[in-house]
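Residue-level listing of the chains:
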Amino acid sequence: MKIDVESRPSYGLAVVTLDKGEAIVAESGSMVAMSDKLLVETQFNGVGAGGLVDWLQAAFVGLVRKFLAGETLFVNKFKAKEDGQQVLLAPSLVGDVVVESTRDAPITVQATSYLGSTPNIKVDLIWGGFSMLFGGEGAFFLRCKGDGDVLINAYGAIEKRQIDGKYVVDSGHVVAFEGKLKYKVKRVGGWKSTFLSGEGLVLEFEGTGTLWLQTRNLGAFLGWITPLLPG
Amino acid sequence: MKFDIQYRPAFALAIAKLDAGETVIAEAGALVSMDSHVTMETSAGKKDDSLMGSLFKGLKRMVAGESFFQNRFTAKGQAGEVTFAPTHAGDIEVYTLESSKTLYLQSSSYVCSGEDVKIDPKWGGAKSFFGGEGLVMLKATGSGPIVFNSFGGIKLVEVDGKFTVDTGHIVAFEDGIQFKVGKFGGGWWSFLLGGEGLVCNFTGKGKLWVQTRNPQAFGQLIGQKLPPRQA
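Here the structure is a predicted model, which means the values were calculated and not measured. (Residues numbered from 1 in each chain as written. Chains lettered and ligands numbered in written order. Predicted model: local features only at pLDDT ≥ 70, side-chain atom pairs only at ≥ 80, totals over all residues. Heavy atoms only, no water.)

Topic: the interface of chain A and chain B
- Each partner contributes residues to the interface: chain A has 39 residues there, and chain B has 41 residues.
- For the pair chain A and chain B, the summed buried surface comes to about 3200 Å²; carbon and sulfur atoms form 62% of the total.
- By the criterion of area lost to chain B, the three top residues of chain A are Glu199, Arg216 and Trp224 of chain A, representing 21% of everything that side buries.
- Put simply, chain A and chain B have 1 salt bridge between them.
- In this structure, glutamate 81 of chain B engages arginine 161 of chain A in a salt bridge whose closest nitrogen and oxygen atoms are separated by 2.8 Å.
- Inspection of the region where chain A meets chain B yields 11 residue pairs in polar contact (both at pLDDT 80 or more). (Contact = heavy atoms within 4.5 Å. Buried area = accessible area lost by both parts, 1.4 Å probe. Salt bridge = Lys/Arg side-chain N within 4 Å of Asp/Glu carboxyl O. Polar contact = N/O pair within 3.5 Å; in protein donor to acceptor, adjacent residues only side chain to side chain.)

Encoded structure:
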C-alpha cells in the first residue's frame, strides 16, 4: 500500500494505491474517485476481528459519532481485487491532509479531523471531558491504535509540534495528539480574560510527544463570514 | 521580537518569538498556541491607564471595527513563542514601523503588534463607507512590528504617481500616499455596469498592499447559494 498526499496544504488529496487484498477505511462521503477493481463495504468504524460484541461496540461508537460528534455513522472499506488499484480521498473543508503512523503510540484525533485509516487500526471514541463542550470544537475524540496509518485532515495548514514539557493550544485549533500526551482544559489568564478575551478555553498539554494544530478555526471563520452574507 | 510567517499564502500562521519579558498585543481571538510560561492579560488599555482612559481606548477600537478588548501576551522569565492566525483564509505580512513612518490599515486586517506601536482609528471620509469596507481605517504609528492579514494572497505595489484599487481589495498603505474614493471608469455607464462600483484612487509615492480576494464579493457569492436562514 502506498499513500501520497497531493495539493498540499490548501486542498490536500490522499491518493491511496492498493495491491490485491489490501484495503483502506475512509470516512463516508470522502471518496473523490476510484479504480474499478475494488470491493466496497459499508460498515461501522472500529469493527475489529468480528464477533457480536465487537459489532455492538462499533455500532455504539458510530451512533455516538453521528448524533453527538456531528460525524457520519458509517465508514467505507475499499478492498482491492487486483494490484495497483487507487482510491482518492478528500475532506469537505479546505485544508491539509497528513498520513501518520500509530505504530509507536496511539494518536487521538479530533472527531471532525478523521479522514481514514488502514484496516488494522482500531478506532475508539473518547469523551474529551465536559469542559470540551465549551471549547468550540466537538467534545469527542477518536483514539486510533494499532499497527498502521491514520489519515488526518484539518481546516487550514497543519503545524506539527514536538512537545517536551507543557504547551498551550486554543481549543479550536487542536487536530490530534499522541496518546502519550496528557491534557487539561484551562482558562487562559484571569476570569476577566475568560469572558472578554475572545479566546475561550485552551488545552494545556503535558508530556513528550507530537501535537498537530490547524492554522484556522471553523467557528472563527463562521463568525467572520456571517455578517458578509446578504439577507 | 521576531516574526516567522509559515504556510503562506493560503493559511498563513504568524509565529511571534519573544525575548524574556517582551510583550506582543493581539486582536481578541487570534491566539492559536503558546508556550506555557507565556501569560495572557486582557484589557482595553495599557496597564497604567485610568479606567476612563482604558474605556476610551476600547471604544476607539470598536469604532474602527476592532474588538473592544485586546490581549497582551508576555514571555515570563525566559524567551517564549506565541502563534496567531486570522479568522479567514489568506496571507500574513509583517511591517516594521519607525518613528518617521505611518501605516494605514484596513481595520479587519490587524492581527498583532509590538508594545510600542500605537494604533488609532482614522476617519476615511464619508465616501469610503459606500465602498463597502469600514468607514474607519487604522492608523499605526510608533516603532516596532505590526502584523496584518489579507483575504487571499497579498500583492505589494510600489506606487509612484497614480494607482487605482477596488475598495474591497485594500489591505494597507504607507502615509506617502493619499487616497480619494471615486467612481470606476470614465462615466456613469462603467460605474453602474462595470461591476466595480467605487474605487480608491491613490496618489503619491509609497508601498501599498492589496488582497487578491474581496470579502464582500465572496459573501455575496456564497450567500446566494445558502438555504434561507431561520428566523
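Alright, that's what it looks like, and here's the rest.
Comments concerning the pairing of strand E10 (residues 114–117) of chain A
Residue and element names in this part refer to chain A.
- Pairing of strand E3 (residues 23–27) with E10, which is carried by 2 bridges, proceeds in the antiparallel orientation. Paired with alanine 26 across the strands is glycine 116, a residue of E10.
- As paired strands, E10 and strand E13 (residues 149–153) are joined by 3 bridges and run antiparallel to one another. Residue pairing for E13: serine 117 is matched across the bridge by valine 150. (Pairing = 2+ DSSP bridges. Helix = DSSP H or I, 4+ residues; strand = E, 2+ residues; numbered from the N terminus.)

Topic: the packing of aromatic side chains
- This model, assessed by the stated rule, comprises 17 aromatic pairs over all chains.
- Residues tryptophan 224 of chain A and phenylalanine 151 of chain B carry aromatic rings whose centres are separated by 5.0 Å and whose planes lie at 55 degrees to one another, so their mutual orientation is tilted. A residue pair is termed interchain when its members come from two chains, as with tryptophan 224 of chain A in helix H3 (residues 218–225) and phenylalanine 151 of chain B in the loop between strand E13 (144–149) and strand E14 (154–166).
- Take tryptophan 224 of chain A: its relative accessible area is 14%, and that puts it in the buried class.
- Its relative accessible area of 8% is what places phenylalanine 151 of chain B among the buried residues.
- With 5.4 Å between their ring centres and 70 degrees between their planes, phenylalanine 148 of chain B and tryptophan 209 of chain B make a pair best called edge-to-face. Of the two residues, phenylalanine 148 of chain B sits in strand E13 while tryptophan 209 of chain B sits in strand E17 (residues 198–211), which places them 61 residues apart along the sequence. In this structure, phenylalanine 148 of chain B and tryptophan 209 of chain B share a single accessibility class: buried.
- Taken together through their ring pairs, the aromatic side chains of Tyr155, Phe221 and Trp224 of chain A together with Phe11, Phe151 and Phe218 of chain B make up a single cluster. (Phe/Tyr/Trp six-rings, centres within 6.5 Å; stacked < 30°, edge-to-face > 60°. Buried < 20%, exposed > 50% of the residue type's maximum accessible area, 1.4 Å probe, protein only.)

Topic: the packing of H3 of chain A against helix H4 (residues 215–223) of chain B
- Two elements in contact, H3 of chain A and H4 of chain B, have axes whose closest approach is 11 Å; the angle formed by their N-to-C orientations is 95 degrees. Judged by the angle between their axes, H3 of chain A and H4 of chain B are roughly perpendicular. Listed contacts from H4 of chain B to Phe221, Trp224 and Ile225 of chain A of H3 of chain A are Pro215, Phe218, Gly219 and Ile222 of chain B.
- Classifying every residue of the contact of H3 of chain A with H4 of chain B gives 6 nonpolar, 1 polar and no charged. (Axes fitted to C-alpha atoms, helices over the stretch in contact; angles between N-to-C directions. Parallel < 35°, antiparallel > 145°, perpendicular 65-115°, else oblique. Nonpolar A, V, L, I, M, F, W, Y, C, P; charged D, E, K, R; others polar.)

Some points on H3 of chain A
- All buried positions along H3 of chain A are accounted for by Phe221, Trp224 and Ile225 of chain A. The buried residues of H3 of chain A occupy one face: seen down the axis, they fall within an arc of 90 degrees.
- On its buried side, H3 of chain A packs onto H4 of chain B.
- Where H3 of chain A starts, the residue carrying a side-chain oxygen 3.0 Å from the main-chain nitrogen of glycine 219 of chain A turns out to be asparagine 217 of chain A. (Arc of directions from axis to C-beta.)

Some points on the confidence of the model for chain B
- Here chain B averages 85 in pLDDT, and 85% of its residues register 70 or above.
- Interface predicted TM-score (ipTM) for the complex: 0.82; the corresponding pTM is 0.86. (pLDDT = per-residue confidence, 0-100.)

Examining the environment of cysteine 144 of chain A
Residues and elements named next belong to chain A.
- Position of cysteine 144 among the secondary structure elements: in strand E12 (residues 140–145).
- The exposure class of cysteine 144 is buried, given its relative accessible area of 0%.
- Along the chain, cysteine 144 and alanine 105 lie 39 residues apart, while their C-alpha atoms are 9.2 Å from each other.
- Residues within four places of cysteine 144 in sequence aside, it is in contact with Thr102, Pro106, Ile107, Val109, Tyr114, Ile121, Lys122, Val123 and Val150.

A closer look at the pattern of salt bridges
- On inspection of all chains with the given rule, the structure shows 19 salt bridges over all chains.
- Of the charged contacts, one joins aspartate 36 of chain A and lysine 37 of chain A as a salt bridge, the two residues approaching to 2.9 Å between their closest N and O atoms.
- What makes aspartate 36 of chain A exposed here is its relative accessible area of 60%.
- A salt bridge links aspartate 91 of chain B to arginine 8 of chain B; its shortest N-O distance comes to 2.9 Å. Here aspartate 91 of chain B is found in the loop between strand E7 (80–84) and strand E8 (92–97), whereas its partner arginine 8 of chain B is found in the loop between strand E1 (2–6) and strand E2 (13–18), with 83 residues between them in sequence.
- Residue classification places aspartate 91 of chain B among the buried residues on the basis of a relative accessible area of 4%.
- Owing to a relative accessible area of 44%, arginine 8 of chain B belongs among the partly exposed residues under this scheme.
- Through salt bridges with shared partners, one network takes in Glu159 and Arg161 of chain A together with Lys17 and Glu81 of chain B.

A few points about the sheet that holds strand E5 (residues 38–44) of chain A
All names here are of chain A.
- Taken together, 6 strands build an open sheet; the order of strands is E5-E6-E3-E10-E13-E8 and the sheet is antiparallel. The open sheet has two free edges, formed respectively by E5 and strand E8 (97–101), since each of these has just one partner strand. Here the average twist between neighbouring strands, direction ignored, is 20 degrees.
- Here E8 runs beside E13; their pairing, made up of 5 bridges, is antiparallel. Within the sheet, the bridge partner assigned to valine 99 lies in E13 and is leucine 151.

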